[in-house]
Amino acid sequence: MDCIDGKQARRTGSSSPLGQLFDHGCDAIALHLMLGMAQTSVQQPMGFISSLALTLAMLPWICSQYEEYHTGHMIYGNGYFGVLEANYILAFVFALSGIFGPSFWSRIVFSAVPLPILGTMDITARHVFVVIDIVAAVNQTYGQLFRVFSSSVDRLPKEEQGYKELGLASKIRHLMWIAILLGFGGYWTARDQSKMSNPVEARFISLAFGIIFAMVATKLIMDHMCKEPFRPTLWAFIILILSTVNVITGTVNVFLASQAAAAFCLVFYLTNITGIINDICRFLKINCLTIKPQKKTQ
């Protein structure tokens, strides 16, 4: 059902910027929650492997917003694998965990496999899932970046260009923001769970990074909708970078710092997104989540 809502809205003439914001804005939050549930389902502790799988799964999603900003088209898929297939895989993962229990993912699929750098190791069902995630993400991202950098500004209609930052330099600059977001976020969420003073710390780090990701993605969506230059939310990057540096230096207790980061991000995100929705509702002269009764005509 994930790809039907937009088509149905356009078919019935009920599509609007508010609908696009709700759709993709909610996806920005839901993506992190779904990936967190998948991590729990396969019993993958916080660390390098889970961080790699998380950030690479987020990459093609935010790159689809990046592609729409620069080309005017959102293409999430290559004809064989797309957003529906990704949802099916997650549903399949949850079903396997529910039927066979989380221990299913610890079953050995291949024994004593020699691997470069890592040496010889047993490959479990959990590793297979992570490899599928990485391969699918890299494949999707390659197609998205190829389309963005092979597109020309001249192909975009004037109304689509608006006041956007377009061209090769802007494409590279915007991509660098995404790289910083996922690079620092990946390092932050790769914190070894055995080094945490409290196991709940992992949840606060995950929550804070998920909100920061949603905030940056929502800003990119808004700037595309309004045809404006992309100006990423700087406070989100400041918190992200400071939190990552703090994990390295240990200047402040990481558990307390992660709690403070999560609380600040949550409050600021809710305040910001509420303001955006209210502004759009005022512009469209509609009420959020309510329908005005039509006046009876004589």
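Within every chain, residues take consecutive numbers counted from 1 along the sequence as written. Whole-chain, interface and lining totals are the exception, using all residues; otherwise, since this is a predicted model, local features are given only for residues with pLDDT of at least 70 and side-chain atom pairs are given and counted only at 80 or more. Note: side-chain values were computed over all heavy atoms of the structure, leaving out hydrogens and water.

Another point: the overall build of the protein. The helix count covers DSSP runs of H or I at least four residues long, the strand count covers runs of E at least two residues long, and both are numbered beginning at the N terminus. Scanning the protein from N- to C-terminus turns up ten helices and two strands. Counting from the amino terminus, the protein carries its helices and strands in the arrangement α-α-α-α-β-β-α-α-α-α-α-α. Since a compact globule built from 298 residues should have a radius of gyration of about 19 Å, the 21 Å found for the protein is in line with a globular shape. Classification of residues uses two cut-offs on accessible area relative to the type maximum, computed with a 1.4 Å probe and protein chains only: under 20% is buried, over 50% is exposed, and between them is partly exposed. The buried share among the 298 residues of the protein stands at 42%. Put simply, 71% of the contacts in the protein that link residues at least 6 apart link residues at least 24 apart. Here the Shrake-Rupley method, with its probe set to 1.4 Å, supplies the accessible areas, and only the displayed protein chains count as covering residues. Accessible surface computed for the protein: about 16700 Å², of which carbon and sulfur atoms make up 67%. Neither His nor the chain ends contribute to the count of charged residues, in which Lys and Arg are positive and Asp and Glu negative. The atoms used to mark charge sites are NZ of Lys, CZ of Arg, CG of Asp and CD of Glu. Taking the average location of the 22 positive side-chain charges in the protein and that of its 18 negative ones, the two points are 6 Å from each other. We compute the radius of gyration from the C-alpha atoms alone; for a globule the expected value is 2.2 Å times N to the 0.38, where N is the number of residues. Throughout, a contact is declared for two residues whenever any of their heavy atoms are within 4.5 Å.

The next subject is the pattern of salt bridges. If charged atoms from side chains of opposite charge come close, those side chains can pair. One speaks of a salt bridge when a side-chain nitrogen belonging to Lys or Arg is within 4 Å of a carboxyl oxygen belonging to Asp or Glu. Here the structure, examined in full by the defined rule, presents eight salt bridges. A salt bridge links K219 to D223; its shortest N-O distance comes to 2.9 Å. Of this pair, K219 and D223 both sit in helix α8 (residues 201-225), four residues apart, which is roughly one turn of the helix. Judged by its relative accessible area of 24%, K219 is partly exposed.

Another point: the packing of helix α9 (residues 234-249) against helix α10 (residues 254-284). The contact between α9 and α10 brings their axes to 10 Å, and the two run at 170°. When the interaxial angle is binned, α9 and α10 end up roughly antiparallel. Between α9, through W235, I239, S243, N246 and V247, and α10, the contact on the second element is made entirely by V254, A257, A261, F264, C265 and F268. Side-chain classes follow a simple rule in which Ala, Val, Leu, Ile, Met, Phe, Trp, Tyr, Cys and Pro form the nonpolar group, Asp, Glu, Lys and Arg form the charged group, and the remainder, Gly included, forms the polar group. Grouping the constituent residues of the contact of α9 with α10 by class yields nine nonpolar, two polar and no charged. Here an axis means a line fitted to C-alpha atoms, over the contact stretch when the element is a helix, while the angle between two N-to-C directions is reported on a 0 to 180 degree scale. Angle categories are assigned with fixed cut-offs, so that under 35 degrees is roughly parallel, over 145 is roughly antiparallel, 65 to 115 is roughly perpendicular, and the rest are oblique.

What follows concerns a nonpolar patch on the surface. Like charges are joined within 9 Å and nonpolar side chains (Val, Leu, Ile, Met, Phe, Trp, Tyr) within 5 Å, but only among residues with over 30% relative accessible area and no salt bridge; these make up the patches. A cluster of nonpolar residues, V109, F110, V128 and I132, forms a patch on the protein surface that exposes about 330 Å² of accessible area. Mapped by element, the contributors of at least two residues to the nonpolar patch are β1 (108-115) and α5 (125-150). Structurally, V128 is set in helix α5.

This next bit is on α10. The span you would expect from a helix comes to 1.5 Å times its residue count less one. When the terminal C-alpha atoms of α10 are compared, their 44 Å separation across 31 residues agrees well with the 45 Å that a helix rising 1.5 Å per residue should span. Among the residues of α10, V254, F255, S258, A261, A262, C265, Y269, I273, I276, I277, I280 and C281 are the ones counted as buried.

Taken over all residues, the pLDDT of the protein has a mean of 84, while the share at 70 or more is 93%. One number per residue, pLDDT, summarises how confident the predictor is, and it ranges from 0 to 100. Ranking the elements of the protein by mean pLDDT puts helix α1 (residues 4-11) last with 72 and helix α7 (residues 168-189) first with 93.

On to the environment of A91. Along the chain, the position of A91 falls in helix α4 (residues 83-100). Taking relative accessible area as the criterion, A91 reaches 44% and is therefore assigned partly exposed. With 53 residues separating them along the chain, A91 and A38 place their C-alpha atoms 9.1 Å apart.

By nonpolar core is meant a set of buried Ala, Val, Leu, Ile, Met, Phe, Trp, Tyr and Cys residues that side-chain atoms within 4.5 Å join together. Counting residues in hydrophobic clusters, the biggest one holds 56 residues, and the most contacted among them are L181 and W188. If you list the elements that add at least two residues to this core, you get α2 (17-41), α3 (48-71), α5, α7, α8, α9 and α10. Per-element accounting of this core gives the leading share, 15 residues, to α8. In this structure, L181 is in contact with I62, F209, I212, F213, V216, F237 and L240, ignoring residues within four places of it in sequence. Core analysis: the next-biggest nonpolar cluster, separate from the first, contains nine residues, A38, V93, W105 and F129 among them.

Take α8 next. When the terminal C-alpha atoms of α8 are compared, their 36 Å separation across 25 residues agrees well with the 36 Å that a helix rising 1.5 Å per residue should span. Here α8 lies mainly inside the structure; 20 of its 25 residues are buried. One or two positions beyond α8, positive phi appears at K227, with a value near 55°.

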